[in-house]
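Reading the structure
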Amino acid sequence: MTNSDSTPEIRPYRIEIPQADLDDLRDRLLRTRWAPDLPCAGWERGVPASYLRELAAYWAGGFDWRAQEATLNAYPQFVTAIDGTNVHFLHVRSAEADATPLMLIHGWPGSVVEFLDLIGPLTDPVAHGGDPAGAFHLVIPSLPGYGFSGPLPDTGWTDGRTAAALVELMARLGYDRYGVQGGDVGAFIAPLMGRAAAGNVIGVHVNALLTFPSGDAAVMGTLTEAERGRLAGMKQWQDDLGAYMKLQGTRPQTIAASLHDSPAGQLAWIVEKFKDWTDPAAKLPEDAVDRDRILTDVSIYWLTATAGSAAHTYYERLNDVSAWAPREPGTVPTAVAVFPTDFSVRPLAEQAHNVVRWSEFGHGGHFAALETPDVLVAELREFFRSLS
C-alpha cells in the first residue's frame, strides 16, 4: 500500500471555500428575480416557485456551509493529476488490515456527499454492530469534472476515459484487487472499470442501472409483465422527466450559462431530481433526504463551478459511438440492487453484465446511499463476502 502523504503524485487536500464566495452566494440568492407561480400548478410542471423561494431563503440564511465543510474535512482527502485533469478523492482506510478495498462512485447530480453515511459502517463494522470480516478500505472520488476535482480542462471525457482514470487512481494507491460500487452515472462507469481491469476488479455492485430494450426477440419474449412494466416506466421517464438529459447531452454550454450565474437556478435544477427520483412515498425532497445534505450537494456544484463541466460529460456519453456499440458481456461478477424508482430488467442486464446477484427493495429510491444507507451497506457486505 502506497502512503498517500509521501507519494509525489498524490497531494493532501483540504476544503477551504473563501468567505468571499459564500458571501457572494448569499447575495445572489437574496437578489434572485423569482418566476411567478401559476395558480394550482404543482411539481408536475417543475419546482414550485413557493417551495423554491423557501428553500433558497434557508440556503441563504439558515444553512451552515462551514459545518458541512468540517464534516467533509474530518476524512482524509487527496488530489492527483490523471490524464491531464485533477481527481479529488476521499481515502478512508479501515483499522482492519485485511479489509477489502472498495471504490464508491457517485452519479449526477451527486457528489462525494452521497456516501458520508456509509463511511463509518463500511470501514468500522464492529462499531456499527457488524463483523470485522465485512470491513472495507474506501476510495471515494469526485468524478473528473465534478465537485472538488474541478472543471475539465478539455473535451473527450467519455465514461470509458473516466473509468480508465479511476483504474489508474486505484493503481497509484497500490490496490491490486478491489471492488467497485456505483449508482446512476456510477452504474455506467463501475462496469467499465471491470472491463478495463478485469484482473483487478473482484466485483461490481450497481444501483439505478439503466437497461435498454434489446433487439433480440428471444430475450424480449421472455420478459415478465412486471419487467415490461419497468420498460414502459423508463419510456415514460424519458418522455416526461428526461429534459435535463436531452439538454445536457446536446447543448451543455447553453445550460451552463444559467447554472453558473444563478444559484437559485442551480438549486431548482438539482432539487427537482431529489423530488422526482426519490422514494415515491416522499411528498417533498427533504422527506427522503436530509435538507442540509441536499444543500451541501448543491453547494458543491455552485462553489466549485462544475455544473457546466458535469453537463458536458452527458454530451460525451450521448455522442460516444463506442459506448453504444454491441459488445460481449462483462466477465466480472456483478450485483444489481433495484429500488422502486429504478427501471432495471434482469434479462437485459444479463446481456451486458455477469449478473450473479439481483436484489429488489420495496422502499428507497434512486439515491440509495442517501435514502437507505443501511440497506446499501448490508448489500455490499453480503455481495463482497460471497466473492471471498
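Residues numbered from 1 in each chain as written. Predicted model: local features only at pLDDT ≥ 70, side-chain atom pairs only at ≥ 80, totals over all residues. Heavy atoms only, no water.

1. Considerations on the UniProt feature "active site" (unreviewed entry) in the chain
As recorded in UniProt, the sites labelled "active site" (unreviewed entry) are Asp 184, Tyr 314 and His 366. Here Asp 184 lies in the loop between strand 6 (178–183) and helix 6 (185–196). For Asp 184, a relative accessible area of 12% corresponds to the buried category. With residues near it in sequence (within four places) discarded, Asp 184 still touches Gly 107, Trp 108, Asn 207, Ala 208, Trp 277, Tyr 314 and His 366. Within the secondary structure, Tyr 314 sits in helix 14 (residues 307–318). (UniProt positions renumbered as here; feature names shortened; annotations may be inferred. Helix = DSSP H or I, 4+ residues; strand = E, 2+ residues; numbered from the N terminus. Buried < 20%, exposed > 50% of the residue type's maximum accessible area, 1.4 Å probe, protein only. Contact = heavy atoms within 4.5 Å.)

2. Quick notes on helix 1 (residues 19–30)
With 12 residues, helix 1 should cover 16 Å at 1.5 Å per step; its first-to-last C-alpha distance of 17 Å lies within 8% of that length. Taken together, the buried positions of helix 1 are occupied by Leu 22, Leu 25 and Leu 29. In a view along the axis of helix 1, the buried residues occupy a sector of 55°, so they form one face of it. Opposite its buried face, helix 1 presents the exposed residues Ala 20 and Leu 30, each directed more than 90 degrees away. Of the surrounding elements, those touching the buried residues of helix 1 are helix 2 (49–61), helix 3 (65–73), helix 11 (263–276) and helix 13 (291–304). (Expected span 1.5 Å × (residues − 1). Arc of directions from axis to C-beta.)

3. So, helix 3
Among the residues making up helix 3, those that are buried are Trp 65, Gln 68, Glu 69, Leu 72 and Asn 73. Take helix 3 and look down its axis: the buried residues cluster within an arc of 135°, on one side only. Those residues of helix 3 that are buried lie in contact with helix 1, strand 2 (77–82), helix 4 (116–123) and helix 13. The N-capping residue of helix 3, defined by a side-chain oxygen 3.1 Å from the backbone nitrogen of Arg 66, is Asp 64. (Polar contact = N/O pair within 3.5 Å; in protein donor to acceptor, adjacent residues only side chain to side chain.)

4. What to know about the UniProt feature "domain: Epoxide hydrolase N-terminal" (unreviewed entry) in the chain
Here the UniProt-annotated "domain: Epoxide hydrolase N-terminal" (unreviewed entry) positions come out as residues 10–115. End C-alpha atoms of residues 10–115 are separated by 22 Å, and the span's content is 32% helix alongside 22% strand.

5. Some remarks on the environment of His 260
Along the polypeptide, His 260 turns up in helix 10 (residues 252–261). Separated by 44 residues in the primary sequence, His 260 and Thr 304 place their C-alpha atoms 9.8 Å from one another. Beyond its immediate stretch of four places on either side in the chain, His 260 contacts Trp 302, Ala 305, Thr 306, Ala 307 and Gly 308. For His 260, the side chain forms a polar contact with the main-chain nitrogen of Gly 308, separated by 3.0 Å.

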